[in-house]
Amino acid sequence: MLNFKGGKFMKKQIALATAAAMVLGLAACGSKPAETKPAETAAQTKTEAVTEAEKKETEPKETEGSAAAITFKLADNQADGTPNVSGDTKFAELVNEYTGGTVVVEIFPNGTLGDEASVADMLEADTLDIARISTNGISPSCDAFNVFGMPYVFPSDEIKYKALDGEFGQTLTAKLEEETGLINLAYFVSGPRSFYTTKKEIHSVADMAGLKLRAQDDAITIAMMEALGASATPMNYAEVYSALETGVVDGAENDFTSYYSSGHYEVAKYYSLDMHTAPSSLLVMSAGAWNSLSAEQQEQVRKAAAEAETYQRTLVEDYIAESRQKVEEGGATIIEVDVAEFQNACQPVYDKFPQYNDLIALIPAE
């Protein structure tokens, strides 16, 4: 017969033995890889923190000189190989050099980012960084640049360069920034524009009477042709060759390089050197792009633009000389005229657009 107390004692011993066996079993299981990561000890945490600190010490630190480069897009509606795009390329190279690679300029020629009207709008909206844009293209944004369309304002290339680099150019640059916020970095140039015809040669103002001439669709050009006795016919540039060939127009006007590259000399062989206008181009930066640069970078970008400007002008002079030689070899006749006679005949244009007189007064006399 079992003792009640003894039975309770035996049950207690059996329970303790069972519990001990379970503990040993759990300990044995603990020797296998754990399913979850054990909690970190204070010593482990400290060691890993020191290791992370040491790693950070050896990692390259971002300094002002090694910061990620600022990349700008530059739009141009002309093709690779032209003096303007070559000037853009020189600018981009010099910017990279002078800023130590902290500013990069990517060039998009051939109008891939839009025509000049679109590009001007994008510059003002800060959705484009830089553009090489003609004075005609920027004039809707800043009317003062229409002064370049006034006939015979630059008697020679030398005077034009002096004007662009002097008070005349500085005043226009200031007006552009004041009215639009855009920053003009440089003045690129092109050759003077003259008239060319298919049949009737132009030797004097009297020879202009009754001629139908393709014109750019702007008020000043149309007024100039009317003052000289011709009939202005606005037309898309791409249509001019066919219009000259078929007699829709009797002539057109442009510089030597465009006269050659367009092939117009093949169907309009009489080129009269009246040199009525000498448009230029601007290398323009948007306000947002300009303000993203440090003062030092702005100075370096201006230096690059000034040198690219000189380079582009030299290219233009060579390009004009080469183009003139090629059109003459192709059968074109170059006619010298009395420019003063043409200039005097255009006085009504000056009377019609007196708002540009103050700017014209800034052009050097010689």
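My aim in this report is to walk through the structure given alongside it, one point at a time. (Residues numbered from 1 in each chain as written. Predicted model: local features only at pLDDT ≥ 70, side-chain atom pairs only at ≥ 80, totals over all residues. Heavy atoms only, no water.)

Focus on the layout of surface pockets
Where empty space is left in the structure can be found by rolling a water-sized probe over the atoms. Size it by volume and the largest pocket reaches roughly 1200 Å³. In this structure, the largest pocket is lined by 48 residues; those nearest its centre are Gln78, Ser134, Arg193, Gln216 and Asn254. Looking at the lining of the largest pocket residue by residue, the classes come out as 15 nonpolar, 25 polar and eight charged. (1 Å grid on protein atoms, 1.4 Å probe; cavity = no way out; pocket = protein on both sides within 12 Å on 5 of 7 lines; lining within 4 Å. Points joined across faces, edges and corners; volume = space filled by probe spheres on them. Nonpolar A, V, L, I, M, F, W, Y, C, P; charged D, E, K, R; others polar.)

Details of unusual backbone geometry
Despite not being glycine, Tyr152 has its phi angle at roughly 60°, a positive value. Structurally, Tyr152 is set in the loop between helix H5 (135–138) and helix H6 (157–165). Classification of Tyr152 by relative accessible area gives buried; the value is 3%. Residues other than glycine seldom take positive phi values, yet Met275 does so here, at roughly 50°. As for its placement among the helices and strands, Met275 is situated in strand E9 (residues 270–277). (Helix = DSSP H or I, 4+ residues; strand = E, 2+ residues; numbered from the N terminus. Buried < 20%, exposed > 50% of the residue type's maximum accessible area, 1.4 Å probe, protein only.)

Points about the nonpolar core
The tendency in soluble globular proteins is for nonpolar side chains to be buried as a group. If you look at the biggest cluster of nonpolar residues, it comprises 74 residues, and the most contacted ones within it are Phe145, Met150, Phe168, Leu172, Phe195 and Leu228. Setting aside residues up to four positions removed in sequence, Phe168 forms contacts with Val147, Phe148, Phe154, Ala163, Leu359, Leu362 and Ile363. Counting 22 residues, the second largest nonpolar core, distinct from the first, contains Leu185, Phe188, Leu293 and Val301. (Core = buried A, V, L, I, M, F, W, Y, C linked by side-chain atoms within 4.5 Å. Contact = heavy atoms within 4.5 Å.)

Describing the sheet that holds strand E10 (residues 280–285)
Spatially, the five strands line up as an open sheet ordered E2-E1-E3-E10-E4, and their pairing is mixed. Each end of this open sheet is capped by a strand with a single partner; those strands are strand E2 (103–108) and strand E4 (183–189). Within the sheet, the average angular offset between the axes of one strand and its neighbour, ignoring direction, is 25°. Where strand E3 (residues 130–134) and E10 come together, five bridges link them in antiparallel fashion. Within E10, the position partnered with Ser134 by the bridge is Ser281. Where helix H3 (residues 83–98) meets the sheet, it contacts strand E1 (70–76), E2, E3, E4 and E10, and its direction lies at approximately 165° from that of E2. Against the sheet, helix H7 (residues 167–180) makes contact with E4 and E10, and its axis sits at roughly 135° relative to E4, the strand it touches most. (Pairing = 2+ DSSP bridges. Axes fitted to C-alpha atoms, helices over the stretch in contact; angles between N-to-C directions.)

As for the packing of H6 against H7
Each pair of packed helices can be summarised by the angle the axes make with each other and by the distance between the axes. Contact pair H6 / H7: the axes reach a minimum separation of 3 Å and the direction vectors enclose 45°. The angle between the axes of H6 and H7 places the two elements in the oblique class. Along the contact surface, H6 presents Ala163, Leu164 and Asp165, while H7 presents Phe168, Gly169 and Gln170. Of the residues belonging to the contact of H6 with H7, the class tally is three nonpolar, two polar and one charged. (Parallel < 35°, antiparallel > 145°, perpendicular 65-115°, else oblique.)

Concerning empty space enclosed by the protein
Counted by the stated rule, this structure contains two cavities of 30 Å³ or more. As a volume, the largest cavity reaches approximately 70 Å³. Around the largest cavity, the lining residues are Phe154, Pro155, Ser156, Asp157, Lys160, Pro192, Met275 and Ala278. Partitioned by chemical class, the residues of the lining of the largest cavity number five nonpolar, one polar and two charged. Approximately 50 Å³ is the volume found for the second largest cavity. Lining the second largest cavity, in full, are Ala75, Asp76, Asn77, Phe108, Gly111, Thr112, Leu113, Gly114, Glu116, Val119, Arg132 and Ile133. For the lining of the second largest cavity, the secondary structure elements donating two or more residues are E1, helix H4 (116–124) and E3.

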